[in-house]
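If you want the building blocks of each chain, they are given just below.
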Amino acid sequence: MSVVVIKAGLLDTLQDRGRDGCAAFGVGTSGAMDEVSLRLANALVGNGDDAAALEFTAIGPTLRFERDATIALAGAPFEARIGDARIAAWRPVRVDAGDVLAIGRALDGFRGCLAVTGGFAGERVLGSASTDINAALGPFGGRALRTGDVLAIGANDSVAIRHHDDMRLPAHWSLDPRPWFDADPARPIRVIRGAHFDALDAASQRALFESAFRVSSDSNRVGLRVDGVALTLRTPLELVSEAVAFGTVQLPPGGQPIVLMAEHPTTGGYPRIAQIAAIDLPRLAQRRPGATLRFVEIGLDDAQTRYLRRERELARLVEAIAQRLQS
Amino acid sequence: MTAQAGEVFSIEPLGETMLLLRFGERVDEAVNAKVHAAAHTLRRVDMPGLVDVIPSYATLALRYDAAFWAGRDGTPAWEHLAGALRAVFATPPRVDDAAGRLVEVPTRYDGADLDAVAAHARLSIDDVVARHVGAEYRVAMLGFAPGFPYLLGLDRALHMPRRAQPRLRVPAGSVAIGGAQTGIYPRELPGGWQLIGRTPLRLFDALADPPALLAPGDRVRFRAIGDDEFDALLVQARA
């Protein structure tokens, strides 16, 4: 009743929406880098949106299913095959016991998501099945998957997907990934000014919004390092550690900003020059190392309004998918 | 963007789902006590719509459910929550009401840097230990790793900068000094603090409730122990 990792990808981890409520004990949230893709992948297989899915990066894993299952791929488009059949993303797909799903390279973007009906039954730690590699918390002791690992599939007690009898595809439709997936490097990432933006010197304030930056190869689930013109403060700041968030843009002394990502520590002590707008975090998570980055300013009120609107739109879409799965 | 609420704290949004209540700018026990008192008040009134409440030295961070706090009148969610917080804190919280638990941490003083700390402090090793066990500490915050407590209250003579070359592996339970603070490594981790001893207690256990031995605001006293007690407690902690 499981899935075997025949060949691990570059970085495969089980993730859900993250670990809430323990930050006071130094436990970060972790969770999916592209949370929107996670939620939609889960919706496409009839799961609740807190089910654990597999996040993979740049090159995906090869998996053998030991039982029949319904899966959905979302996030970045990857090469994906079962035998000679190409497997489409953004729709539920039927797999049979014995099928081998080979996920290859990302064709665009960086991170893919595989959900399975019932969810991957990863060990839940402090209320979440998210993997936190640095904290060594979560399924598999908090590590990335390795070749030979066996993933259990949970029971699906929520939604019965009605299967049309002819083919792999239980549904004759697929979800349009736009606007939910967007790795286009030409489109700027919206940022809110941070508490210490005003401490940047005038040239650095301009550079943040006018320069082109790049995603450093030295980036991971903890932080995305930003290569480009070095940013400098008018005068050094003496700061004490305090809470940071997914999307907080910190400026260490070297002048190369770091955007804190899903697996960020709970606190940080570097100047916070900006905050990535929540609506653009999934887009940022899809930029691969070397990709161009431009930042454009958005006000907090506007960013919060758009974030809440996106949440409503996503909830409506998830509801619509649930209805389609049963029709 | 900063709103004053009396003279107690200012409110700083950090993105769409977090507010920082700022009580000061420095590492200071009196400022930190206000942070714990505010956290205590929020627990007491059972403030709704909060996802995480994160004390640190000088701020209390609140991660919140923006949909819950979205105002029907077009007021941004963060302002709505800020208003509710100002109402809760119209009477400043009493620091005395949030004294925290007192937790004893048995420690074998045999750390790899104990000689260096003694030399830096110009004290004998016995005096270093006496001063370290002689103080009562406060858990200012947890961070760096799950269960890692930053403790305020270190005797001034024991203040010592971090090592120039951090260690790749600091043993679990290591009691250490970093600048003006002392802390305890909950598991084997890389780290640059000066190691003075080791406790057999388990600082973090994800399966326990709460998962950390020490909570923000708790008070801590160290007690010097020998090999026999260390070994006995280690067996207990692993059971």
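Novice: Residues and numbers for the domain arrangement of chain A, please.
Specialist: All names here are of chain A. The assigned domain composition of chain A is domain 1 (2-174) and domain 2 (189-306). Taking the mean C-alpha position of each, domain 1 and domain 2 sit 29 Å from one another. At the interface, 19 residues of domain 1 touch 13 residues of domain 2. The biggest single contributor to the side of domain 1 that touches domain 2 is helix H1 (residues 35-44), with three residues. Of the residues in the side of domain 1 that touches domain 2, the class split is eight nonpolar, seven polar and four charged.

Novice: I'd like a rundown of the domain arrangement of chain B, residues and numbers included.
Specialist: All names here are of chain B. Taken domain by domain, chain B consists of domain 1 (3-98) and domain 2 (102-238). One C-alpha centre belongs to domain 1, the other to domain 2; they are set 30 Å apart. Taken together, the contact between domain 1 and domain 2 spans nine residues of the former and eight residues of the latter. Among the elements that take part in the side of domain 1 that touches domain 2, helix H1 (residues 29-45) stands out by supplying four residues, more than any other. Split into classes, the residues belonging to the side of domain 1 that touches domain 2 amount to five nonpolar, three polar and one charged.

Novice: Now, about the nonpolar core: what can you tell me, with residues and values included?
Specialist: If you look at the biggest cluster of nonpolar residues, it comprises 160 residues, and the most contacted ones within it are Ala41, Leu44, Ala53 and Ala115 of chain A together with Leu19 of chain B. Among the elements that make up this core, the one with the highest residue count is H1 of chain A (six residues). Leu19 of chain B has contacts with Ile11, Glu12, Pro13, Leu62, Tyr64, Trp78, Leu81 and Ala82 of chain B, leaving out every residue within four places of it along the chain.

Novice: Kindly report on the sheet that holds strand S10 (residues 174-178) of chain B, identifying the contributing residues and their values.
Specialist: Residue and element names in this part refer to chain B. Read across the open sheet, the seven strands follow the order S6-S14-S7-S8-S11-S10-S13; overall the sheet is mixed. Edge positions in the sheet fall to strand S6 (102-107) and strand S13 (194-198), since each of these pairs with one other strand and no more. Ignoring strand direction, the axes of neighbouring strands in this sheet form an average angle of 35°. As paired strands, strand S7 (residues 137-142) and strand S14 (residues 219-224) are joined by two bridges and run antiparallel to one another. Bridging from a neighbouring strand, Tyr137 pairs with Val220 of S14.

What counts as what
- Residues numbered from 1 in each chain as written.
- Chains lettered and ligands numbered in written order.
- Predicted model: local features only at pLDDT ≥ 70, side-chain atom pairs only at ≥ 80, totals over all residues.
- Domains from an automatic or database assignment.
- Contact = placed C-beta atoms within 7 Å.
- Helix = DSSP H or I, 4+ residues; strand = E, 2+ residues; numbered from the N terminus.
- Nonpolar A, V, L, I, M, F, W, Y, C, P; charged D, E, K, R; others polar.
- Core = buried A, V, L, I, M, F, W, Y, C linked by C-beta atoms within 7 Å.
- Buried ≥ 20, exposed ≤ 12 C-beta atoms within 10 Å, placed from the backbone.
- Pairing = 2+ DSSP bridges.
- Axes fitted to C-alpha atoms, helices over the stretch in contact; angles between N-to-C directions.

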